[in-house]
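# Survey of secondary and tertiary structure
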Amino acid sequence: MEIPTIPMPSPSYVWTTVRSIGAFNIVVSFAALWAVVKVSRALRWRLKTTQLRGPPRTSFIYGVSHDLASSQDSGGMYERWATEYGVVYMIPSVLGQTRIVLCDPRAIAHFYARETWTYVKTPVSLALLDASIGRGLLWSEGEAHKRQRKALTPAFSNAAIRKLTSVFYDSAYKAKGAWDTVIESSKDEDAIIEVQNWMNHISLDTVGIAGFSHDFGSLDGKRASVTAVFDSFGSNQQASAVNHALILLASVFPIITKIPTKRGNLSKKLGATMEEISNDLLNRSRREKDVNMRERDEDKSVIGLLIKSESQDTELHMSENEVVAQMKVLLLAGYETTSISLTWALIELSRHPDVQTALRGELLEFGPDPTYDQLKANLPYLDAVVHEILRLHPPLGEFTRVSAADDIIPLSEPVRMESEEMTDSISIAKGSLITISVAGINRSSAIWGADAKEFKPSRWLTKDGITAKAKEVQGHRHLLTFVDGPRTCLGKDFAVAEFKAVLLVLVKSFVFEMRDGPDTPIEIARGVFPRPRVIGEDGIGVPLRVCRYQ
């Protein structure tokens, strides 16, 4: 009888099998641990956080986040939910997350007072900022943010901006000269000018000269490398469904931001381009300052203060990476936000010729170009128009923070909880997501009155034009456009002064109309920040009919 032989596995096979089983067990153990941590955190959050009412989820995966991201008026959505559920409420977000939305002035003031300490940026926000502009003022929190802000504050004082007012006018008059040439060369007495592109040029050249003593020359027709990248965002309007999904899912899994996408690659390219420009400007300025040590000590410009902070061993010291990051922040903010606001101003003035005429009347009656102090105090209608634009069209529509500690947020009026009981404060557990809709608050009928959605500069000129509820909002001129608290926009006075100076020159010199009539529809397009665009135009096109004022 023949005895069958049983094949013996080789030692290497045995070791591979054991190792694979071991690896599998490790993976399962980590997965189980992750699940336990997640469940325990969810239970703690549920027990420690006041459970509020809110809209039902419209998507199992995204909650209502996809609806908000794809809406042309997310601020209006937040406002409708506040009307239905109260001044604070919960919304379902991505993969079971919940966000707490604050629409109450007292709650918002409490939040802002504790920002950078109790309320900090979300992991996905930090990842995106780090990848694009680095660990500067926008990225930092707590003591690091306080130190960086203190080092830069002198560059944005009234005294510093007063010296820069001529730079604002110079850029505006360059654009005026170019437009005069365009109109002269046209067969008619007017010309169609794509104004958003020109506002970009004005903003870039202004921030270059005012912040870095460098003229990018974009108003003279030079093509700066950073302009090409900024423009690429405007021409990249067709985001795929996959890209939308990745952006939303990254709020839960920030590692997703590492996955290459067209927009992600543009962000990286923008960051690299701004870093190259910043390093070039810094190296040039270091060489110039070394020649004159006294000038270096007295220089209060942005780039002068940054170079000074590098060499300081005091509390205001900044590393080279932090210095470059601040320059990238200024480039981005100076280019994007002011140009967006100027474009919206020309759109609204074109839609409202009566307001345009009244503004021009004030400016012409005043006479020569006003000084910085006169811009601030002596032109009330210009001030009203500028702040009505900032109210209706904030460059950043909303933001979300995460609580770094448990907190209790007071309310100015009671709100109904999920249990149907009323409460005048809400408990917030560590790890809670808090959202504030800047656009929703700025345009809220409950806060600003029945005419809140209207472009109405006159509201800023009468004693009762600003409602009592709006006066409870603790921000610049009762607006959240520049946020509030420790993160109040450091350059807000710079931005408002530039906005006023440029608008003054253009409105005194030209008459603006919508190319296709006052009812031309406008939509929100995707730039680095959301931008206006005439429906049907490519990229971020806003063509206006422009003629000289006679």
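The structure this text deals with has already been given above.
In this report, we go over the structure that sits alongside the text. All values derive from a computational prediction rather than experimental measurement. One numbering rule holds for all chains: residues counted from 1, following each sequence as written. For this predicted model, a pLDDT threshold of at least 70 governs which residues receive local features, and a threshold of 80 or more governs which side-chain atom pairs are given and counted, while totals over whole chains, interfaces and linings are taken from all residues. Side-chain metrics rest on all non-hydrogen atoms present in the structure, leaving aside hydrogens and water.

## What to know about the overall build of the protein chain
- Comment: elements are numbered from the N terminus, with helices defined as DSSP H or I runs of at least four residues and strands as E runs of at least two. Check the secondary structure of the protein chain and you find 20 helices and 12 strands.
- Dimensions of the protein chain along its principal axes, counting C-alpha atoms only, are 115 × 65 × 55 Å.
- Remark: exposure states derive from per-residue accessible area (1.4 Å probe, protein chains only) relative to the maximum for the residue type, with buried under 20%, exposed over 50%, and partly exposed in between. Looking at the protein chain as a whole, 51% of its 550 residues are labelled buried.
- Sequence separation of 24 or more characterises 73% of the internal contacts of the protein chain that already satisfy a separation of 6 or more.
- Per-residue accessibility takes into account occlusion by the displayed protein chains alone, with areas from the Shrake-Rupley method and a 1.4 Å probe. Summed over its atoms, the accessible surface of the protein chain is roughly 25,800 Å², and 58% of this surface lies on carbon and sulfur atoms.
- For the protein chain, the separation between the mean place of its 64 positive charges and that of its 65 negative charges on side chains is 4 Å. Note on definitions: a residue-residue contact is assigned when non-hydrogen atoms from the two residues lie within 4.5 Å. The charge count includes Lys and Arg as positive and Asp and Glu as negative, but it does not include His or the ends of the chains. Every charge is mapped onto a representative atom, which is NZ of Lys, CZ of Arg, CG of Asp or CD of Glu.

## Focus on helix H8 (residues 195-212)
- Its 18 residues place the ends of H8 25 Å apart at the C-alpha level, agreeing with the 26 Å of an ideal helix rising 1.5 Å per residue.
- With respect to burial, H8 is a largely interior element, 16 of its 18 residues being buried.
- Between the side-chain oxygen of the N-cap and the backbone nitrogen of Gln196 there are 3.1 Å, and the N-cap of H8 in question is Glu194.
- Positive phi appears at Ser213, one or two residues downstream of H8, with a value of about 55°. Multiplying 1.5 Å by the residue count of a helix minus one yields the expected span of that helix. Contacts described as polar in this section are N or O atom pairs within 3.5 Å, which, within protein, must combine one atom able to donate a hydrogen with one able to accept it, while residues neighboring in sequence count only if both atoms come from side chains.

## A closer look at the side chain of Asp180
- Turning to its location among the elements, Asp180 is positioned in helix H7 (residues 158-185).
- Owing to a relative accessible area of 14%, Asp180 belongs among the buried residues under this scheme.
- Residue contacts for Asp180: discarding those within four places in its chain leaves Phe510 and Arg548.

## Section: the nonpolar core
- Leu102, Trp179 and Leu503 are the most contacted members of the largest nonpolar core, which has 143 residues in total.
- It is helix H14 (residues 320-351) that provides the largest number of residues to this core, a total of 15 residues.
- If sequence neighbours within four positions are ignored, Leu102 has contacts with Val87, Val88, Ala107, Ile108, Phe111, Ile409, Ile426, Ile434, Thr435, Ile436 and Ile441. The term nonpolar core refers to a set of buried residues drawn from Ala, Val, Leu, Ile, Met, Phe, Trp, Tyr and Cys, joined through side-chain atoms within 4.5 Å.

## Details of the pairing of strand E11 (residues 530-534)
- Counting buried positions over the 5 residues of E11 gives 4, a clear majority of the element.
- One ladder, built from 5 bridges, connects strand E10 (residues 522-526) with E11; its direction is antiparallel. Among the inter-strand pairings, Ile524 is bridged to a residue of E11, identified as Pro532.
- When DSSP finds two or more bridges between two strands, those strands count as paired. Where E10 hands over to E11, the hairpin turn is made up of 3 residues, counted between the paired strands.

## Re the packing of H14 against helix H17 (residues 380-392)
- Interaxial distance between H14 and H17 falls to 10 Å at its minimum, and their mutual angle equals 110°. In terms of orientation, H14 and H17 fall into the roughly perpendicular class. Counting all contacts with H14, which are made through Ser341, Trp344, Ala345, Glu348 and Leu349, the residues of H17 involved are Val385, Ile389, Leu390 and Leu392.
- Taken together, the residues of the contact of H14 with H17 sort by class into 7 nonpolar, 1 polar and 1 charged. Whenever a helix is involved, its axis is fitted only over the stretch in contact; in every case the axis is a line through C-alpha atoms, and angles between N-to-C directions fall within 0 to 180 degrees. Note that the term roughly parallel is reserved for angles under 35 degrees, roughly antiparallel for angles over 145, roughly perpendicular for angles of 65 to 115, and oblique for everything else. As a working rule, the residues Ala, Val, Leu, Ile, Met, Phe, Trp, Tyr, Cys and Pro are called nonpolar, Asp, Glu, Lys and Arg charged, and the rest polar, with Gly in that last group.

## What about the packing of aromatic side chains?
- Geometry of aromatic contacts follows a simple scheme: Phe, Tyr and Trp rings, the Trp one being its six-membered ring, pair when their centres are within 6.5 Å, and the pair is stacked under 30 degrees between planes, edge-to-face over 60, tilted otherwise. Applying the stated rule across the entire model yields 13 aromatic pairs.
- Residues Tyr112 and Phe399 carry aromatic rings whose centres are separated by 6.1 Å and whose planes lie at 40° to one another, so their mutual orientation is tilted. You can see Tyr112 sitting in helix H4 (residues 105-113) and its partner Phe399 sitting in strand E5 (residues 398-403), a full 287 residues away along the chain.
- Exposure remark for Phe399: the relative accessible area of 7% places this residue in the buried category.
- For the ring pair Phe156 and Phe494, a centre distance of 6.2 Å and an interplane angle of 75° mean the geometry is edge-to-face. On the criterion of sequence distance, the pair formed by Phe156 in the loop between helix H6 (142-152) and H7 and Phe494 in helix H20 (residues 492-509) is long-range, its members being 338 residues apart. This pair shows no difference in class: Phe156 is buried, exactly as Phe494 is.
- Each residue in the set Phe111, Tyr112, Tyr119 and Phe399 is aromatic and connected to the rest through ring pairs, giving one cluster.
- Geometry around Trp448 places Arg391 over its ring, the cationic atom sitting 5.4 Å from the centre. Each ring is checked for a lysine NZ or an arginine CZ that lies within 6 Å of its centre and within 35 degrees of its normal; such an atom marks a charge sitting over the ring.

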